[in-house]
Amino acid sequence: MRLHNLHFSSKLALSGFLITMLFGCLSAATLIGLVYSSNETGFNLPSIEKMSAKYSEAQLVGSMKTSMYEYVADDDDILIVEDWIKKGAMDDEQFQQDVMTILKQDCQSCHSRTSTKSKAINSIPFSRYDDVSKFTQAGYSWQSMAKTAHIHLFGISLLLIATSLTFSCSTYNPYIKITLISISWIALWLDIASWWLAKYSTIFVYMIVGAGTIEVASLVTMSGLALINIWWKVPDFCK
């Protein structure tokens, strides 16, 4: 089966999927830029510092620097919590007087067992030491990582297999197809593997950014090239 030989209805169906993939990749890249940069609108490059905060720093501090930053009253609050964790995250005077004061001011309106706010997260309360200590380890917990990683792997692999199989039916040079398809899968594996390893070295934070960028770029490239080949013949120099 070749893409340009398909029936018109099949071409429409595949075109709809590929165009959706292109918009999906653009939306994903925009979301990453918004979450991991200091800007609230538009397309932005992610900050390595904020990426590192999520994947290698304590979960509580990482959240305060990234997804929960808008609720932090003062940047010094983050430094105080970070200092407490570096000293061992003990149930001591610093926790009771400083850290709990910050959590009450910045977090407990939502992170409370009794909160009735629309954005309340009752399942993750910060009301006492036992609640908070669960989020003081570096990076994701192994349980959270396993949950997030397997969902990401299954979800992306379904999109990747559909896109790469479609692209494999194009009339581009076999070396172009093999290269792009291989790069896509390898980038996915490196991306997820780096999630697990980033808590041990910042090098893997850079790998997350690099592999993620290659992953999205290869999906965009395969989708775009396949879409072109559905409606037009491939130039001779690409065969």
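To be clear, the structure that these remarks concern was listed above.
Not measured: the values here are computed from a predicted model. (Residues numbered from 1 in each chain as written. Predicted model: local features only at pLDDT ≥ 70, side-chain atom pairs only at ≥ 80, totals over all residues. Heavy atoms only, no water.)

Asker: Residues and numbers for the overall build of the protein chain, please.
Answerer: Helix and strand content of the protein chain: nine helices and zero strands. What you see for the protein chain is a C-alpha radius of gyration of 23 Å, clearly larger than the 18 Å of a compact globule of 239 residues, by over 25%. Each of the three principal axes of the protein chain carries a C-alpha extent, and together these read 75 × 35 × 30 Å. Within the span of the protein chain, comprising 239 residues, buried residues form 40% of the whole. Partitioning the contacts of the protein chain with sequence separation of at least 6, the portion at a separation of at least 24 is 61%. When the accessible surface of the protein chain is totalled, it reaches about 13400 Å², and 64% of it is carbon and sulfur. Each charge sign in the protein chain was given a centre, from 18 positive and 20 negative side chains, and these centres are 15 Å apart. (Helix = DSSP H or I, 4+ residues; strand = E, 2+ residues; numbered from the N terminus. Rg over C-alpha atoms; globule rule 2.2 N^0.38 Å. Buried < 20%, exposed > 50% of the residue type's maximum accessible area, 1.4 Å probe, protein only. Contact = heavy atoms within 4.5 Å. Areas by Shrake-Rupley, 256 points an atom, 1.4 Å probe, with all protein chains shown as cover. Lys, Arg positive; Asp, Glu negative; His and termini not counted. Charge placed at Lys NZ, Arg CZ, Asp CG, Glu CD.)

Asker: How would you explain the pattern of salt bridges if you had to name every residue and give the values?
Answerer: Throughout the structure, instances matching the rule amount to three salt bridges. One salt bridge connects Glu82 with Lys65, and the closest N-O pair in it is separated by 3.6 Å. Taken as a pair, Glu82 in helix 4 (residues 75-86) and Lys65 in helix 3 (residues 59-65) lie far apart in primary sequence, 17 residues in all. By the burial criterion, Glu82 is buried, and Lys65 matches it. We note a salt bridge from Asp131 to Arg113, for which the minimum N-O separation is 2.9 Å. Of this pair, Asp131 sits in helix 6 (residues 129-133) while Arg113 sits in the loop between helix 5 (93-106) and helix 6; the two residues are 18 residues apart in sequence, bridging distant segments of the chain. Under the relative-accessibility criterion, Asp131 is labelled buried at 4%. (Salt bridge = Lys/Arg side-chain N within 4 Å of Asp/Glu carboxyl O.)

Asker: Report on the side chain of Asp191, specifying residues and quantitative values.
Answerer: Mapping Asp191 onto the fold places it in helix 8 (residues 174-197). The exposure class of Asp191 is buried, given its relative accessible area of 6%. When near neighbours in sequence (up to four residues on either side) are disregarded, Asp191 contacts His152, Ile208, Ala211, Gly212 and Glu215.

Asker: Quick rundown of unusual backbone geometry? Include the residues and the values.
Answerer: Phi at Ala89 takes a positive value of approximately 55°, unusual for a residue other than glycine. Checked against the element boundaries, Ala89 lands in the loop between helix 4 and helix 5.

Asker: Give me the packing of aromatic side chains: which residues, what numbers.
Answerer: For the structure shown, the criterion picks out seven aromatic pairs. Consider the rings of Phe95 and Tyr129, whose centres lie 5.3 Å apart with planes at 85°: the pair is edge-to-face. Separated by 34 residues along the polypeptide, Phe95 in helix 5 and Tyr129 in helix 6 bring together distant segments of the chain. We classify Phe95 as buried; its relative accessible area is 1%. Pairwise contacts between aromatic rings join Trp84, Phe95 and Tyr129 into one cluster. (Phe/Tyr/Trp six-rings, centres within 6.5 Å; stacked < 30°, edge-to-face > 60°.)

Asker: Just give me the short version of the nonpolar core, but keep the residues and values in it.
Answerer: Ranked by size, the top nonpolar core spans 29 residues in total, and within it Tyr55, Phe167, Trp195 and Met222 carry the most contacts. Going through the elements one at a time, helix 1 (8-35), helix 2 (48-55), helix 7 (142-168), helix 8 and helix 9 (203-231) are the ones with two or more residues in this core. Among the elements that make up this core, the one with the highest residue count is helix 9 (seven residues). (Core = buried A, V, L, I, M, F, W, Y, C linked by side-chain atoms within 4.5 Å.)

Asker: Quick rundown of a negative patch on the surface? Include the residues and the values.
Answerer: Side chains of Asp91, Asp92, Glu93, Asp98 and Asp130 sit close together on the surface and give a patch of like negative charge. Among the secondary structure elements, Glu93 is positioned in helix 5. (Patch = residues over 30% accessible without salt bridge, like charges linked within 9 Å, V, L, I, M, F, W, Y side chains within 5 Å.)

Asker: Residues and numbers for the environment of Leu18, please.
Answerer: Assignment of secondary structure puts Leu18 in helix 1. C-alpha separation for the pair Leu18 and Thr166, spaced 148 residues apart in sequence, amounts to 9.1 Å. Here Leu18 is in contact with Thr166, Ser223, Ala226, Leu227 and Ile230, once residues within four sequence places are set aside.

The quantities given are spatial measurements derived from coordinates; they are silent on function.
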